[in-house]
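Analysis of the macromolecular model
Letter by letter, the chains look like this.
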Amino acid sequence: MNGESMQTQAQWINLYKEELGIISDRKLSFHWNTTTAEIRQLRTGKRKLSVARKLQIARALDLDPVQIFVSCEFYKAREDEKEFLKTEYFKSVIKTYNVKVPMGFYKKRRF
C-alpha cells in the first residue's frame, strides 16, 4: 500500500457529508455548529479536525477511528514513522472488515 491510498482530511469530510446527506459546506457548518470559514480551513489543512470530529466521522461511517486518525496524520509524518503508520492503518482496515490474517503476517518482511 502506498501513501496515496489513504484519505485526506478533506476526503473524510466529503465522505461524512455524503453519508449524512449534507449537500453543502454551509449545511455542514450548521450541523457542526461552526462557520463556513472553519470548514474551508479544515478542507485546506490550515486547521486539523478535532478528536471529537474524527470520532463523529468514524461513527457515521462505521469505521475504526484509527483509520481516520492515522490517515489524517500520515502525509505530515516523518519518513521513519510512515511504515509504522501504514501497518497500523492496514490492521485497522482488516479489523473493520473482520478479515482473518495468518499469524505473523504483520512481521516486517525484508526482500
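Every value quoted in this text rests on a predicted model; they were computed, and no experiment measured them.

1. What about the overall build of the protein?
When helices and strands are tallied, the protein shows six helices and zero strands. Beginning at the N terminus, the succession of helices and strands in the protein can be written as α-α-α-α-α-α. Looking at the protein as a whole, 32% of its 111 residues qualify as buried. The contacts of the protein with a sequence gap of at least 6 include a subset with a gap of at least 24, amounting to 50%. Working note: accessible area of the protein is about 7800 Å², and carbon and sulfur atoms make up 53% of it.

2. Points about the pattern of salt bridges
Scanning all chains against the criterion turns up 10 salt bridges. Its salt-bridge partner being K91, residue E88 comes within 3.4 Å of it at the nearest N-O pair. Of this pair, E88 and K91 both sit in helix α6 (residues 79–96), three residues apart, roughly one helical turn. Several salt bridges share partner residues, and in doing so they unite K17, D25 and R43 into one network.

3. Let's talk about the packing of helix α5 (residues 65–74) against α6
It is at 9 Å that the axes of α5 and α6 come closest, and there the two elements cross at 155°. Judged by the inter-axis angle, α5 sits roughly antiparallel to α6. The interaxial crossing formed by α5 with α6 has left-handed handedness. Between α5 and α6, the residues in contact are V66, Q67, V70, S71 and F74 and K82, L85, K86, E88, Y89, S92, V93 and T96, respectively.

Cut-offs and rules
- Residues numbered from 1 in each chain as written.
- Predicted model: local features only at pLDDT ≥ 70, side-chain atom pairs only at ≥ 80, totals over all residues.
- Heavy atoms only, no water.
- Helix = DSSP H or I, 4+ residues; strand = E, 2+ residues; numbered from the N terminus.
- Buried < 20%, exposed > 50% of the residue type's maximum accessible area, 1.4 Å probe, protein only.
- Contact = heavy atoms within 4.5 Å.
- Areas by Shrake-Rupley, 256 points an atom, 1.4 Å probe, with all protein chains shown as cover.
- Salt bridge = Lys/Arg side-chain N within 4 Å of Asp/Glu carboxyl O.
- Axes fitted to C-alpha atoms, helices over the stretch in contact; angles between N-to-C directions.
- Parallel < 35°, antiparallel > 145°, perpendicular 65-115°, else oblique.
- Left-handed = near helix turned anticlockwise from the far one by under 90°.

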